[in-house]
Amino acid sequence: QSALTQPRSVSGSPGQSVTISCTGTSSDVGRYNYVSWYKHPPGKAPKLMIFDVNQRPSGVPDRFSGSKSGNTASLTISGLQAEDEADYYCCSYASTSSYVFGTGTEVTVL
Amino acid sequence: QVQLQESGPGLVMPSGTLSLTCGVSGGSIISNNWWSWFRQSPGEGLDWIGEIHHSGRSAYNPSLKSRVSISLDKSKNQFFLNLNSVTAADTAMYYCASNGVGGHWFAPWGQGTLVTVSS
């Protein structure tokens, strides 16, 4: 199974919105509503930000939102803040009864 | 609140077996359904290695299935990763995490442990 495709990097000024795409196939993203997103700061543990495409865990700011259309899922960060700088990874359950991650996106706050 | 901590040798010889432990604290290993292992090679993204249910059932990444084994010890509240026939390509940061109860997500995660395969 191939990794899901994400842009290598996105950037924005404080207060702006950025959107990260995550493109898979009809065997993973397109087949299941089991897409999750993780924030991974350098040297730290990954943190769950979104699960089941658009659900926010307790404690995650509502500036973070998720969506899906066809084989592509998206994470939007609104009102960008300096603390949002990190690598972000999408993950999807797949028809092979396993999980596939995205290639990762570096978010930079200008 | 559940916390996880990986431990194990930081250096493994080529062709040897990589063995890691994930200790679970703040909760029982049988209170959640599944527990997973992941890795991130230098400069690469995250990869799911496999998962284990507290009943002992397990599932693995098809690309690693022939070399990996995950087990658990309920009495010690720990679960384990064994990866055999390792090469330099298995050098990575290894993480353990709790699967979402009844769901397909992972939280929380351990801090990770770096394993280098080298002679």
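The text that follows walks through the structure, step by step, so that each part is easy to find. (Residues numbered from 1 in each chain as written. Chains lettered and ligands numbered in written order. Predicted model: local features only at pLDDT ≥ 70, side-chain atom pairs only at ≥ 80, totals over all residues. Heavy atoms only, no water.)

## Brief notes about the packing of aromatic side chains
The description of two aromatic rings rests on the distance between their centres and on the angle between their planes. Residue and element names in this part refer to chain A. The condition is simple: Only rings of Phe, Tyr and Trp enter the pairing, Trp through its six-membered ring, and a pair is recorded when the two centres are within 6.5 Å. The plane angle decides the type: under 30 degrees is stacked, over 60 is edge-to-face, the rest tilted. Per-residue accessibility, obtained with a 1.4 Å probe over protein chains only, is compared with the maximum for each type, and a residue is labelled buried under 20%, exposed over 50%, and partly exposed between these values.
One pass over the full model with this rule turns up 18 aromatic pairs over all chains. Ring geometry for Tyr32 and Tyr34: centres 6.1 Å apart, planes at 15°, overall stacked. Residue Tyr32 is classed as buried on the basis of its relative accessible area of 18%. Overall, the relative accessible area of 30% leaves Tyr34 in the partly exposed class. Ring centres 5.1 Å apart and planes at 75° place the aromatic pair Tyr32 and Tyr93 in the edge-to-face group.

## So, the sheet that holds strand S7 (residues 68-73) of chain B
Residue and element names in this part refer to chain B. Selection criterion: Each pair of strands is called paired provided DSSP finds at least two bridges between the two strands. We count a stretch as a helix when DSSP gives it H or I for four or more residues in a row; a strand needs E for two or more, and each element gets its number in order from the N terminus. Structural elements are reduced to axes, namely lines fitted to C-alpha atoms, with helices fitted over the stretch in contact, and the angle between N-to-C directions of any two is expressed from 0 to 180 degrees.
With respect to topology, 4 strands assemble into an open sheet ordered S1-S3-S8-S7, the strand pairing being antiparallel. Among the strands making up the open sheet, the edge pair consists of strand S1 (3-7) and S7. Taken over all neighbouring pairs, the strand axes of this sheet differ in orientation by 20° on average, direction set aside. As defined by bridge partners, S7 adjoins strand S8 (residues 78-83) across 6 bridges and the pair is classed as antiparallel. Counterpart to Ser69 in the pairing with S8 is Asn82.

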